[in-house]
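Reading the structure
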Amino acid sequence: EAQVTQNPRYLITVTGKKLTVTCSQNMNHEYMSWYRQDPGLGLRQIYYSMNVEVTDKGDVPEGYKVSRKEKRNFPLILESPSPNQTSLYFCASSFRAGGYGYTFGSGTRLTVV
Amino acid sequence: AQSVSQHNHHVILSEAASLELGCNYSYGGTVNLFWYVQYPGQHLQLLLKYFSGDPLVKGIKGFEAEFIKSKFSFNLRKPSVQWSDTAEYFCAVMSSNTGKLIFGQGTTLQVKP
């Protein structure tokens, strides 16, 4: 089944403890992206990647890192999480730019205490 | 800068009422436009998309949208809503050069049975 898989679905952590949220797609998509969703603010892009080893900042990249060493994987790294990073995170992938929509993962609800 | 504006933040309708959700975008290049739906507790799903051709686009579940270039608009419509359409709806624009997808703030639709 074609899908974007994120793990974990739920995570509670403490301030400053490094964490990684994994994202994997099995559709051979070139484009991958991370979003955070917050009430009243909609979805905001954190980072995106147009291909292996090609990444760029989105609208809210501060406090996050990404890497794209393989086409299928696009992990999101929080080196030192803070409470303002408590949010719902979505990974998404697209075949390429143009008339192709993004396919979204099921989301990761992160709470930083 | 690219941006997407959704006019209605919260809409309440009775079943069988007609729906129109407004979306305006700001982008200078070739646009690809999308409407996504997020049912309670779920991830985003693609409703419909426009990238060229007929400006009236039909999507899943009886939804349609009309691209009006002169008004920079891409409004979502449905002639008769159902209780199961209760969800959050997001308009989005994608840059055909970078693949960056930008969302509006979302509209929460509540359909009363």
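Just above sits the structure.
First things first, this report covers the structure right here in the doc. (Residues numbered from 1 in each chain as written. Chains lettered and ligands numbered in written order. Predicted model: local features only at pLDDT ≥ 70, side-chain atom pairs only at ≥ 80, totals over all residues. Heavy atoms only, no water.)

**Quick word on the overall build of chain A**
Scanning chain A from terminus to terminus reveals zero helices and 11 strands. N-terminal to C-terminal, the α/β element order of chain A is β-β-β-β-β-β-β-β-β-β-β. Relative to the compact-globule value of 13 Å for 113 residues, chain A shows a C-alpha radius of gyration of 13 Å, a close match. Oriented by its inertia axes, the alpha-carbon framework of chain A measures out at about 40 × 30 × 25 Å. In chain A, which comprises 113 residues, the proportion classed as buried is 51%. Partitioning the intrachain contacts of chain A with sequence separation of at least 6 by distance along the chain shows that 54% fall at a separation of at least 24. (Helix = DSSP H or I, 4+ residues; strand = E, 2+ residues; numbered from the N terminus. Rg over C-alpha atoms; globule rule 2.2 N^0.38 Å. Buried < 20%, exposed > 50% of the residue type's maximum accessible area, 1.4 Å probe, protein only. Contact = heavy atoms within 4.5 Å.)

**A word on the sheet that holds strand β3 (residues 19–25) of chain A**
Strand pairing in a sheet is mediated by backbone hydrogen bonds. Such pairs are either parallel or antiparallel. Read from one edge of the open sheet, four strands run β1-β3-β8-β7 (chain A), paired in antiparallel fashion. Lying at the two open borders of the sheet, with one neighbouring strand each, are β1 (4–7) and β7 (65–66) of chain A. (Pairing = 2+ DSSP bridges.)

**Examining the state of the cysteines**
Under the definition given, this model contains two disulfides over all chains. Note that A:Cys23 is cross-linked by a disulfide to A:Cys91, the S-S spacing being 1.9 Å. Torsion about the S-S bond of the A:Cys23 and A:Cys91 cystine: about -75°, corresponding to left-handed handedness. Taken together, the residues A:Cys23 in strand β3 and A:Cys91 in strand β9 (residues 87–94) connect sequence positions 68 residues apart. Taking relative accessible area as the criterion, A:Cys91 reaches 0% and is therefore assigned buried. There is a disulfide in this structure between B:Cys23 and B:Cys91, and the S-S distance comes to 1.9 Å. Torsion about the S-S bond of the B:Cys23 and B:Cys91 cystine: about -65°, corresponding to left-handed handedness. (Disulfide = S-S within 2.5 Å.)

**Considerations on the nonpolar core**
Within soluble globular proteins, side chains that are nonpolar generally end up buried alongside one another. In terms of nonpolar packing, the biggest core is built from 30 residues, with B:Leu33, B:Trp35, B:Leu47, B:Leu48, B:Phe74, B:Leu76 and B:Tyr89 touching the most fellow members. If we ignore the near neighbours within four places in the chain, the residues touching B:Leu33 are B:Tyr25, B:Leu48, B:Lys49, B:Tyr50, B:Phe67, B:Phe74, B:Ala92 and B:Val93. (Core = buried A, V, L, I, M, F, W, Y, C linked by side-chain atoms within 4.5 Å.)

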